[in-house]
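Chain residues, written in single-letter form:
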Amino acid sequence: MTTLRSIALYVAAALAEIGGAWLVWQGVREHRGLLWVGAGVAALGLYGFVATFQPDAHFGRVLAAYGGVFVAGSLAWGVVVDKFRPDRYDVAGALLCLAGVAVIMYAPRV
């Protein structure tokens, strides 16, 4: 159950961070205004809060592993929201990053 909770928290953190960054991007680069930027800043703050609920007590480990989730999540966001089509190297890179997440966070420790 701890692993499933951790994965759910990583997904929630990715949605908050990537969504927040996308909202800021839309507000600034697409000229949608300060409301979009403000919503993005709030979502980015939520990301930082969600990360604190990870069951592992080591900030460096949690954040290092999250990097892999961020990479894969960013590509997935691009596919769903921006209709981006990743090539095989994008997919391979994301899978390598997720393998790194698994090793860092979920390998048995002695």
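Structure: above.
Before going into details, it helps to say that this report is about the structure given with it. Since the model is a prediction, treat every value here as computed from it, not as a measurement.

**Considering the environment of Val-71**
With respect to the helices, strands and loops of the structure, Val-71 is situated in helix α3 (residues 59-81). By relative accessible area, which is 32% here, Val-71 ends up partly exposed. As for Val-71 and Gln-54, which are separated by 17 residues in sequence, their C-alpha atoms are 19 Å apart. In this structure Val-71 touches Ala-94 and Cys-97, once residues within four positions along its chain are discounted.

**Details of the side chain of Gln-54**
Note that Gln-54 resides in the loop between α2 (34-51) and α3. With a relative accessible area of 7%, Gln-54 lands in the buried category. Gln-54 has contacts with Ser-6, Leu-9, Tyr-10, Val-62 and Met-105, leaving out every residue within four places of it along the chain.

**Some thoughts on the environment of Gly-33**
Mapping Gly-33 onto the fold places it in the loop between α1 (2-29) and α2. Take Gly-33: its relative accessible area is 26%, and that puts it in the partly exposed class. Considering only alpha carbons, one finds Gly-33 and Leu-23, 10 residues apart in sequence, at a separation of 9.9 Å.

**Brief notes about the packing of aromatic side chains**
Taken as a whole and judged by the stated rule, the model has 6 aromatic pairs. The structure contains a cluster of three or more aromatic residues connected by ring pairs, namely Tyr-10, Tyr-47, Tyr-66 and Phe-70. Just above the ring of Trp-36 sits the side chain of Arg-32; from NZ or CZ to the centre is 4.8 Å.

**Digging into α3**
Along α3, the positions that sit buried rather than exposed are Val-62, Ala-65, Tyr-66, Gly-68, Val-69, Ala-72, Gly-73 and Gly-78. Close packing links the buried residues of α3 with α1, α2 and α4 (88-106). Immediately downstream of α3, the backbone of Lys-83 shows phi near 60 degrees, a positive value.

**Some points on α2**
Between its terminal C-alpha atoms α2 stretches 26 Å, which fits the 26 Å expected from 18 residues at 1.5 Å a residue. Of all the residues in α2, the buried ones are Val-37, Gly-40, Ala-43, Tyr-47 and Val-50. For α2, the angular spread of buried residues about the axis comes to 140 degrees, placing them on one side. In this structure, α2 carries Leu-34, Leu-35, Val-41 and Phe-49 as exposed residues pointing more than 90 degrees from its buried face. The secondary structure elements touched by the buried residues of α2 are α1 and α3.

About the thresholds
- Residues numbered from 1 in each chain as written.
- Predicted model: local features only at pLDDT ≥ 70, side-chain atom pairs only at ≥ 80, totals over all residues.
- Heavy atoms only, no water.
- Helix = DSSP H or I, 4+ residues; strand = E, 2+ residues; numbered from the N terminus.
- Buried < 20%, exposed > 50% of the residue type's maximum accessible area, 1.4 Å probe, protein only.
- Contact = heavy atoms within 4.5 Å.
- Phe/Tyr/Trp six-rings, centres within 6.5 Å; stacked < 30°, edge-to-face > 60°.
- Lys NZ or Arg CZ within 6 Å of the ring centre and 35° of its normal.
- Expected span 1.5 Å × (residues − 1).
- Arc of directions from axis to C-beta.

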